[in-house]
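# Architecture and fold: a report
Listed here are the chains, written in short residue letters.
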Amino acid sequence: MEIPLNPGFIPILAGLAVLAAPRVARAPVMALAALAAMWFLLDYQFGAASAIAQMGLPVVLLNLDALNRIFGIALLIALIALSIYSGARRNRYEDAAILMLVGGSVSALFVGDLIIFVATAALAGLAASWTVFASPIENANRAGVRLLIWHGLEGLLFLVGVALHLTAGAASVEIGRLDVATISGGCIFAALMIRVGAPFAHVWLKDAVSHASPVGGAALSAFTTMLGVYALARLFPAEPLLVPIGAAMILIGALYAASETDLRRAAAYGLTAQTGVCVALVGVGSPLAMAAAEGHAFAALLAFVALQMVLGAVLERRGSVDAAALDGLSRAMPIPSLLMVAAGLAVAGVPGFALYATQTVALESVAQWELRWLWLCIAALPAVLLVSLVLRPALAAYRASAPVPFSEAPFPMLLGAGLATFLCLSIGLAPGWLYNLMPTALVFQPFAIDRLAPQFELLGVAGLIFLALHAVGAAPKASSIRTLDIDALYRGPFALAGRWAGVLLLRVYGAWQAAATQSGHAVGRLIAALAQLCDRPFAPARAANVVQFISIGSFLMIILLFI
């Protein structure tokens, strides 16, 4: 039987190859793997390959349709840009981890059954943790352990859900719509909530991105959460519970993006907010909303990869991307400063960039009276991201300061970031080909005056208000204060309580073990004494021996004295 080649298998094999490849060959291997996977993806016809029996269960290694094709193209384009960007540093383990991460994510897109989907998603989760472990940044090991715990919990929920799905008498394990009201569907739904970064699980993304290397941070932004969006669109379309979850992600992401001074963390929160838009649109479930969710995921992936690449280049040279430490950046690093502004405009959905082309479709799909609150959240998000990720860093970078030495970023980093930013701009100016990739046939005019004018008005008013507040000194000043999120509980009080509980339990266990040992010795001595008595049942007692000794001695004394 001919086994079909899943396009995601190519990056996995390339990940094994780069472990032994010399430094000059690793970036070309990554690019060639992305191009080969893209060629296989575009060469295949839509449809599912024949199932292969494994342990009595049918598994489908390849199932290609319009839904997973658009996600696959986005991931492979991001890998091409990352392969160029990664040519400036030496870390074969990180290269292998990124290829494994891409391979696992792309493979999960194109499989046709739940078993292989869980296996490939777990591989992607392990590779994401490996990417953080390979980072040279301080405390990266601890962040990698935390990410490994999150993905371990996700994998456990996946396994339990699939196992219950099989034991419930499901006819097959082919990927299809699931019911969140069942135990199996609820477990898989909870696992996907961790993957997309839903409320209370959103902290893993900013934690991992902020501790990853410049290349690793961009890779984690591209190849993690969007797999969860695809899985929700495949398994839980039109699920009403996704609408409030997505809205909560928008609010949490926007709030922390506006308050976080570390720009890589702020960008990760911005990605959480844009992922929330996709999740909410999947929950709406109409054909237009599903098309908007898929296109928005595509555009957000490229925009945030571009922004993380630029911030990584700044981190490579200056050692920090804190907004309070960007003074003089325009003189020391002029090209990254321009790219940072351009990438920030891309993630803010400014007209002319990719996210605007899908933002307008998203607003059109939720333009209903009962969803007016969701429409308001989606409409206000670009203004928040404009202030947080464009105006605030731009004012710091172009602020007049003392002369600083020129220290431009490495050329491969500039080329990779420039390519990703150019793609965002080209898609935004000509969005027709992106609309053609969507599963739903879409004819849309994003540059109609009734759509263009409100976006310019919103962004213009938000920008002018912030600049006016900044001019009079009323805007919040950039500082190195770190904002606290839900992870501060399990990394602070909960961790301290866990350590104290562990110490207490160890002491209780030690005392119990010592008491048990002493009691065991005493019981052992008693048993030994009883056994010794049982070995000599007719032996005279000690008192009889003494009496016998005294009697014999007395008899001998009488004989000596009187005879």
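Once a new chain begins, its residue numbering starts again from 1 and follows that chain's sequence as written. Note on the predicted model: pLDDT of at least 70 is required for a residue's local features to be given, and 80 or more for side-chain atom pairs to be given and counted; whole-chain, interface and lining totals, by contrast, use all residues. To get the side-chain values, take all heavy atoms of the structure and skip hydrogens and water.

## Observations regarding unusual backbone geometry
Of note, the phi angle at Asn139 is positive, near 65°, even though the residue is not glycine. Position of Asn139 among the secondary structure elements: in the loop between helix 5 (114-133) and helix 6 (140-167). Here Ala238, not a glycine, exhibits a phi torsion of approximately 60°, which is positive. Helix and strand labels come from DSSP, where a helix needs a run of H or I of at least four residues and a strand needs a run of E of at least two; each type is numbered from the N terminus. By the secondary structure assignment, Ala238 is in the loop between helix 10 (225-235) and helix 11 (242-259).

## Some points on empty space enclosed by the protein
Buriedness for pockets is judged along seven lines, at least five of which must meet protein on both sides within 12 Å for an open set on the 1 Å grid over protein atoms alone, while cavities are sets there where a 1.4 Å probe fits but cannot get out, and lining residues have an atom within 4 Å of a point. Grid points are joined across faces, edges and corners, and a volume is the space filled by probe spheres set on the points. Using the criterion set out here, one finds 1 cavity of 30 Å³ or more in the structure. Size it by volume and the largest cavity reaches roughly 30 Å³. What lines the largest cavity is simply Leu114, Phe117, Ile175, Tyr230, Ala231, Arg234 and Leu235. Examining the composition of the lining of the largest cavity, we find that 4 residues originate from one element, helix 10, more than from any other.

## So, the pattern of salt bridges
Whenever Lys or Arg places a side-chain nitrogen within 4 Å of a carboxyl oxygen from Asp or Glu, that contact is recorded as a salt bridge. Taken as a whole and judged by the stated rule, the model has 6 salt bridges. Its salt-bridge partner being Asp207, residue Arg146 comes within 2.7 Å of it at the nearest N-O pair. You can see Arg146 sitting in helix 6 and its partner Asp207 sitting in helix 8 (residues 203-211), a full 61 residues away along the chain. There is no split in this pair, since Arg146 and Asp207 are both buried. Between Glu154 and Arg195 there is a salt bridge, with its nearest N and O atoms 2.7 Å apart. Taken together, the positions of Glu154 in helix 6 and Arg195 in helix 7 (residues 183-196) put the pair 41 residues apart, joining distant regions of the chain. Here's how the labels work: a residue is buried when its accessible area is under 20% of the maximum for its type, exposed when over 50%, partly exposed in between, all with a 1.4 Å probe on protein chains only. Judged by its relative accessible area of 2%, Arg195 falls in the buried class.

## Things to note about the environment of Ala397
With respect to the helices and strands, the residue Ala397 is situated in helix 17 (residues 372-397). Put simply, Ala397 and Leu326 are 71 residues apart on the chain and 5.1 Å apart in space, counted from C-alpha to C-alpha. Excluding residues that lie within four positions of it along the chain, Ala397 makes contacts with Leu326, Gly328, Leu329, Ser330 and Met340. Contacts are residue-level and defined by heavy atoms, with any inter-residue pair within 4.5 Å sufficient.

## Some words on the environment of Gly161
When you line up the elements, Gly161 lands in helix 6. A residue is classified by how much of its surface remains accessible, and Gly161, at 0% relative accessible area, is buried. The sequence separation of Gly161 and Val282 amounts to 121 residues, and the corresponding C-alpha distance is 21 Å. In this structure, Gly161 is in contact with Ser184, Cys187 and Ile188, ignoring residues within four places of it in sequence.

## Digging into the packing of aromatic side chains
Planes of paired rings set the category: under 30 degrees apart is stacked, over 60 is edge-to-face and the rest tilted, where pairs are Phe, Tyr or Trp rings (Trp by its six-membered ring) whose centres lie within 6.5 Å. Scanning the entire structure with this criterion turns up 10 aromatic pairs. When the ring of Trp39 is compared with that of Phe40, the centres are 5.1 Å apart and the planes differ by 80°; the resulting orientation is edge-to-face. When its relative accessible area of 22% is taken as the criterion, Phe40 is described as partly exposed. With 6.1 Å between their ring centres and 45° between their planes, Phe40 and Tyr44 make a pair best called tilted. An aromatic cluster is defined as three or more aromatic residues linked by ring pairs; in this entry it consists of Trp39, Phe40 and Tyr44. By definition here, charges over rings are those cases where NZ of Lys or CZ of Arg is within 6 Å of the ring centre and within 35 degrees of the ring normal. Sitting over the face of the ring of Trp369, Arg372 holds its NZ or CZ atom 4.1 Å from the ring centroid.

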